[in-house]
Amino acid sequence: MAKPSISVAPDPMVARLRAALGRRAFTEQKMFGGTCFMIDGNMLIGTSKRGLLVRVGKGAHAAAAAHPHASPMEMGGRSMEGYIRVAPEGAATDADLVSWLERALAFVETLPAKAKVKQPKRSK
């Protein structure tokens, strides 16, 4: 028996992040139950049902986590140092969103580009 198709409304935060990134080269990847934005293969920022996931790096982690509506990102019960979760209230305005995006860019732009993984050729 076929499963009924469930239509999921698009996440408005994805459109806001696309607009905020402007002409910058980025890719999108489904991760952490949302959409993550990548620059040169490195995760920059992402969406989730609980808010934004922002990669700030270990050096900026404590300062970023001290902001209103921000907390350390947790996965499987452990804190992910260098990643911050921002509750929806913390990115409600475009100025707030751009501020978090700028923090993520400040760190991710220091990282080397990840090499593209070549897919193995299939034998016929």
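As a starting point, this report considers the structure included with it. (Residues numbered from 1 in each chain as written. Predicted model: local features only at pLDDT ≥ 70, side-chain atom pairs only at ≥ 80, totals over all residues. Heavy atoms only, no water.)

**Notes on the side chain of T47**
To keep things clear, this is the line we draw: The helix count covers DSSP runs of H or I at least four residues long, the strand count covers runs of E at least two residues long, and both are numbered beginning at the N terminus. Think of a polar contact as two N or O atoms within 3.5 Å of one another; within protein, one of them needs to be a possible hydrogen donor and the other a possible acceptor, and neighboring residues in sequence only count if both atoms come from side chains. Two residues form a contact once any of their heavy atoms are found within 4.5 Å.
Structurally, the position occupied by T47 is in strand β3 (residues 42–48). Here the side chain of T47 touches D11 through a polar contact of 3.4 Å, side chain to side chain. With sequence-adjacent residues up to four places away left out, T47 is seen in contact with D11, M13, V14, L17, G34, T35 and L53.

**Overview of the nonpolar core**
Test applied: Throughout this description, the term nonpolar core refers to a set of buried Ala, Val, Leu, Ile, Met, Phe, Trp, Tyr and Cys residues connected via side-chain atoms within 4.5 Å. Only protein chains enter the area calculation, which uses a 1.4 Å probe; residues under 20% of their type maximum are buried, those over 50% are exposed, and those in between are partly exposed.
Residues L17, L44, I45, L52, V54, I84 and W100 are the most contacted members of the largest nonpolar core, which totals 22 residues. Elements with a minimum of two residues in this core: α1 (12–21), β2 (34–39), β3, β4 (51–55), β6 (78–86) and α3 (94–108). Residue contributions to this core peak at six residues, all from α3. The residues contacting I45, other than those within four sequence positions of it, are L17, T35, C36, F37, L52, L53, V54, W100 and L101. If you look at the next biggest cluster of nonpolar residues, it comprises seven residues, including C36, M43, M73 and M80.

**Digging into the side chain of S48**
Mapped onto the secondary structure, S48 falls in strand β3. When its relative accessible area of 18% is taken as the criterion, S48 is described as buried. A polar atom in the side chain of S48 sits 3.1 Å from the backbone nitrogen of R50. When neighbours within four sequence positions are excluded, S48 is seen to be in contact with F32 and L53.

**Thoughts on α1**
Each α-helix turn comprises 3.6 residues. Residues three or four places apart therefore point the same way. The cut-off we apply is this: The arc in question is formed by the directions pointing from the helix axis toward the C-beta atoms.
The set of residues buried in α1 consists of M13, V14, L17 and L21. Burial along α1 is one-sided: seen end-on, the buried residues are contained in an arc of 105°. Exposed side chains of α1 directed beyond 90 degrees from the buried face belong to P12 and A19. Check the buried side of α1 and you find it contacts β1 (27–31), β2, β3, β4 and α3. One side-chain oxygen at the N-terminal end of α1 lies 2.9 Å from the backbone nitrogen of M13; it belongs to D11. Backbone geometry just downstream of α1 places G22 in the positive-phi region, at approximately 55°.

It is worth stressing that arrangement in space is one thing and function is another; only the former is reported here.
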